Amino acid sequence: MATRSTHERSHEIPPKASIKLGPTVDEEVFGDAYNGQMVRRFIKYVAVYKVLLWVAIAAVLVFTVSSIAIPLIIKSVFDDAINTGSISRSKLSTMVIIFLAAVGFNFVANYLQELIVGRVAERILIDMRRAMYEHIQRLSLSFMDKTEIGKLMSRLQGDVAALQEFLQTAVFAIGDLVLLIGIIGAMVWLDWRLGLMTLTVLPTLFIVRIIWMPYARRSFLRARVTSSIVSGALAENINGIRAVQGLSREHVNYDLFDIRATDNLKAANRASKFGVMMLPIVDTLTGAAMAIIVIAGGFFVLGGTITVGVMVAFVLFVQRFFDPIRALTMHYNVLQRAMASGERIFEVIDVPVEIADKPNALDPEEIDGSIKFENVTFGYLPDQPILKNINFEVKPGETVALVGPTGSGKTSTTALVHRFYDIWEGSVKVGGHDVRDMTQASLGRHVSMVLQEPFLFSGTIFENIIYAKDDATREDVIEAAQAVGAHEFIMKLPEGYETLLQQRGGNLSLGQRQLISFARAIVADAKILVLDEATASIDSYTEMLIQQALARLMEGRTGMVIAHRLATIRGADRIIVLQDGEIVEMGNHNELMALGGLYARLYSMNYASFDDIPDELIQQAMQDSQGSST
Amino acid sequence: MEGTSSVGVFMRITRMALQYRQRLFFGLVSIFLASGFQLAIPILIGSAVDAAQSLEGAETVISNGSVSSAVDSIKGVFGEGSNPAKTALIIIAVLLFVASVGRGVSAMFQNYVGESVGQSIGYELRMLYYEKLQRLSFSYHAGVHTGDLITRGILDVEGVRMFVQTALLRTVFLVVLIGTGMYLMLSEDLTLGLISLSFVPFVAWRATAARLKLRSNWYALQERLSALTKVMDENLGGITVVRAFQSQEHEMKKFDITSNETLALANVQVGIRASNISMMGLAFMLAMAAVLWVGGLQVIEGTMRPGELVQFLAFMSILLQPVRQIGMMVNGYARGSASGGRLFAVLDIDPEIKDKPGAKDLNITSGTLEFHNVSFGYEGEHTLNGISFKAEPGHTVGIVGPPGSGKSTIAHLVPRFYDPIEGHITIDGQDLRDITLDSLRKAVGIVEQDTFLFMASVEHNVAYGDPWAPDDRVELASKYAQLGDYIERLPGGYDTMVGERGVSLSGGQRQRLSIARSILLKPQLIVFDDSTAAIDAATEQRIRAALTDLTKDRATIIISHRLSSLMHADEILFIEAGKIVERGTHEELLTQGGHYNDLYELEIRPSEDSSRSSDDGGAS
């Protein structure tokens, strides 16, 4: 159906524009309504609130029983009090008191069930989200590298909400089930013939429901999928608003959005039709049941086989009879959705934490700041090593520059110092300890890192510089900012250090963001600093500031820099030239120049930065240097 | 934003709903029918009880009631000889069935109208919101978090939709139902009627009180949820930083704080809802108990028929469900007004930049851009001051200066992302503020430093500004931007997906894609806003060479901090603190020996004095 409707509109859709966005249908497809394993795992999260939930279930039961009791009491009023003459007045009072007691139970139970179920469900929502979020924090970067943020976000938000709904539903479903059984039981107990006659409408309802269900489900699903497509399109447009306005694409986007929104409108209306369709069906059956009660029950009353109270009770029961059935079939949808959501949530929670602390991992207070790579081989995909048998050592206080063409393994080398990934062979040692023997927290304390693209969080500049170092003082922050030369521009901002950053630091220039990230690294005050120099050329003023800042940053620290700037490279104590995952040259600038290898050739091309050099020239240089060395 | 009064919000939503007159009329008819059928049911049940108990009672009811004529006609069918009580029961049963079916059918229409009007309003709001966001100027977008805008567009539209769907029409239904029910009960028996309805004022009071509390709660909750989204989104986006600083604990703390705030608010909401629902239920049940007692006494005294009492009780049990729904509706009202307030707050913003009434399309004669004494800034603080220059077709103007000097602002003024506060900008003598934005932005191609990739194929991304462009134009633009070879080497060629779901492009590749995007449109005027920073100098050279043909009759503005990018410009402006401090060609500026010359020295120094400084470095 989707293809046909797209085809019909094809004359409006520009040929080079995408319509489909957001989750695909198969991602949303319903699974089973019950998955035992899923429920058992979910129960673990629920079990924390065992006591509360038992109280809630008890409340639900009390509520249900008192709801069933009320028509029965009314029946007694009619049969015992009204019809039996002179003592009836006191009996009526008794009945009313019993009724009031039932009302009291009903009230308290109602309050408790709503309150406890609501609050526990909220609590579990948070627990599940927290569990998933915390797990994500521990997952290795190789998982994060290949996972979309949007997808994780929808699991953290939409899917946990579906489970919350499930919990609420599950507790109330117990009540509905009890209510249904209670009503059927009460009716059969009051008069089995009339009860069974009334129940004859039930199979019809089930049959109708069974026919209705697959169609309705498909239409509900379609409404949900189209709705998430609309949301995806909206989100993308908001994120890319500058490109949209700059390229004046507003009209096209409006039309495309209209197509999606209209699609959703149609799907939602269709789903509504299926939803409301049940109303006349249920009411027809209620009518039929009432007609049966009036005729059969009335005849029985006339014939004296039942009292009028029984008939009254039946009529009152039948009004409530279909509610639980309706609710239970609705619950069915919620269950299915919850199972699908649960699967997606547990899929994340089940991703093994590849990099975890050893049981007795070291947490040294002080380390000497040395780095040692011994026969390190590593890659992201099996059989595709990125680093091959790397050996080098960085002495405490030394600064080493890593250079080499794109894809030569520079970034991977720095990532290993931090144990973002585990190596295949060999060992990486920091301060003399194998990184696998240290706690990750201690690595974080001793090794700080400045990324190529500075990432800033929402919040003030102060908060960004102090970041995770809670014990740093305001003086530390200002000192760090002064050291990297950021203090001056920060003070020029309207609120100085308290200036709120826009999203991703949008109100600062790239260079300024870089300086802030330097200051952040200084505050973190680690022995070892790993730095990935920005490739994008920054204006020369900031560039100068950054070079000076870099020098400050390196003072008294061991430095490992992925260097792109010649100035940085020359300033390093040692240069490691990587190519295709292997160290091809190592030494200081002069030594390497004297060697006349790849480095010398790249350097002699006189580009301002090694990353400026076009691919083909690098190829050339590599061939040349290979030629000359053999 | 809370200032948007809740009454105002409802009025606006209602006004939107009123556009769907036909459907609403239909809905109203259904409401009256549904209420009628609904209320007929207890009357019929009452009659049934009387009929079953005593022949005379039923006869009285039936002959007194609205159904007497029907009884007469059916009596004819059954014949006078049949048992009149049984006949009455059968008639009542048939009528009950009919009323029940009628109730179901009219309820179906009523609900459908509610839902479809809700959907239509949701659709309309979505479109309005989308349109508004596309129109709002850069200064607005820079100041809000995208997550917040997305939340509004999704959750708040949903809030309003749910309000229309579940609350608006249902309120009318409840008023009609309870109103008619009141009238019937009161006219039947004043005392018992009053007792039955004693719960109404209490419920009304609770509902109003709770709505106000819930409204502010929804506001706060929605706001906190946005904040939580922000925390999580930034954590995932900056996960490498989080790892590098091993700040998971810090991040968990941030998460927990926000998360617990939402929990606290949600708990308050649950509390209000629970006490509300149960109190309303209690009030209702107490009224029922009173009816049972007073009515029971009357029946005992013989002043009331049992059927009448049953009728009252049936009335009440029919009202039970709607009364329970009031709790839900109150929540719908509260959420609807909070959500509506948040949405209208955005919809009501007047975009700073928009077409003047009667704005004309830009009429390009030669394509000359001119800045006349342009100043820009906020609150008296000027970031640009008296900028004047002219960019003629075939000429290139280079703009250079320290960060924060206002270079990018100049670029953003050309496509009117902002308006100058003093002076004016013209293209071929037409003030930018007098021409339509659309025609202006079609004429001006701006290539920005950051490139947003849409989740689509490379081809769709390049053709973003003109999705009707034929393949060869897309390919040519990519080739000019020195991206063609790369794209052809991709596994899917031009159909390869990019963006979050697709292959990731390097900074330089993204910028080249952005250039391809702009030149595909063959704009009359091209502004490069530091858009080659991540592109290597040689590639940039080749891009420029490829573009000579395109730019020979067009004006080009290049903003860059890399002098090699703009050395060749016909005029170079050196900007400092919002002012042009030096201007001229590369050679002229060098001979002036001013800032530009200093910058030049600074930039080329590393390569010139390389041997010397490295000797020093090597020796130490």
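The model shown is predicted, which means the values in this text are computed figures rather than measured ones.

**A closer look at helix α7 (residues 149–190) of chain A**
The α-helix winds at 3.6 residues per turn, so residues separated by three or four positions along the chain end up facing the same way.
1) Next: In this model, α7(A) (42 residues) spans 60 Å end to end at C-alpha, consistent with the 62 Å of a helix rising 1.5 Å per residue.
2) Next: Most pronounced at Arg155(A), the bend in α7(A) amounts to some 30°.

**Re the sheet that holds strand β2 (residues 381–391) of chain B**
Residues and elements named next belong to chain B.
1) Next: Judged by pairing direction, the sheet is antiparallel, and its four strands sit side by side in the order β2-β1-β4-β5 without closing on themselves. If you trace the sheet from one side to the other, it starts and ends with β2 and β5 (430–431), each paired once.
2) Next: Bridge count between strand β4 (residues 422–427) and β5: two bridges; the pairing is antiparallel. Pairing of Thr 426 across the sheet is with Asp 431, part of β5.

**Remarks on the packing of helix α1 (residues 6–18) of chain B against helix α12 (residues 306–347) of chain B**
When two helices pack together, their arrangement is captured by the angle between the axes and the distance separating the axes.
Residues and elements named next belong to chain B.
1) Next: Orientation of α1 relative to α12, taken along the N-to-C sense of each, is 80°, at an axis distance of 9 Å. When the axes of α1 and α12 are compared, the pair comes out roughly perpendicular. Of the residues in α12, those touching α1 at Ser 6, Val 9, Phe 10, Arg 12 and Ile 13 are Gly 336, Ser 337, Gly 340, Gly 341 and Phe 344.
2) Next: A breakdown of the residues in the contact of α1 with α12 according to their chemical character gives four nonpolar, five polar and one charged.

**Considering the domain arrangement of chain A**
Residues and elements named next belong to chain A.
1) Next: The domain boundaries assigned to chain A delineate domain 1 (35–190 + 337–354), domain 2 (192–305) and domain 3 (371–629).
2) Next: A straight line from the C-alpha centre of domain 1 to that of domain 3 covers 54 Å.
3) Next: Each partner contributes to the interface: domain 1 provides four residues, whereas domain 3 provides four residues.
4) Next: Tallied by class, the residues present in the side of domain 1 that touches domain 3 amount to one nonpolar, two polar and one charged.

**Section: the confidence of the model for chain B**
Residues and elements named next belong to chain B.
1) Next: For chain B, the mean per-residue pLDDT works out to 84, and 91% of the residues sit at or above 70.
2) Next: Scored below 50 in pLDDT, residues 73–81 makes five contacts in the model with residues more than four places away or belonging to other chains.
3) Next: The ipTM, which scores confidence in the relative placement of chains, is 0.85 for this predicted complex, and the corresponding pTM is 0.83.

**Some thoughts on the interface of chain B and chain A**
1) Next: In this complex, chain B contributes 135 residues to the contact, which on the side of chain A involves 139 residues.
2) Next: The element that contributes the greatest number of residues to the side of chain B that touches chain A is helix α5 (residues 84–135) of chain B, accounting for 29 residues.
3) Next: Looking at the side of chain B that touches chain A residue by residue, the classes come out as 73 nonpolar, 40 polar and 22 charged.

**Notes on the domain arrangement of chain B**
1) Next: Segmentation of chain B into domains returns domain 1 (6–347) and domain 2 (369–607).
2) Next: A separation of 57 Å is found between the C-alpha centroids of domain 1 of chain B and domain 2 of chain B.

Parameters and conventions
- Residues numbered from 1 in each chain as written.
- Chains lettered and ligands numbered in written order.
- Predicted model: local features only at pLDDT ≥ 70, side-chain atom pairs only at ≥ 80, totals over all residues.
- Helix = DSSP H or I, 4+ residues; strand = E, 2+ residues; numbered from the N terminus.
- Expected span 1.5 Å × (residues − 1).
- Bend = angle between axes of the 7 residues up to and from the residue.
- Pairing = 2+ DSSP bridges.
- Axes fitted to C-alpha atoms, helices over the stretch in contact; angles between N-to-C directions.
- Parallel < 35°, antiparallel > 145°, perpendicular 65-115°, else oblique.
- Contact = placed C-beta atoms within 7 Å.
- Nonpolar A, V, L, I, M, F, W, Y, C, P; charged D, E, K, R; others polar.
- Domains from an automatic or database assignment.
- pLDDT = per-residue confidence, 0-100.

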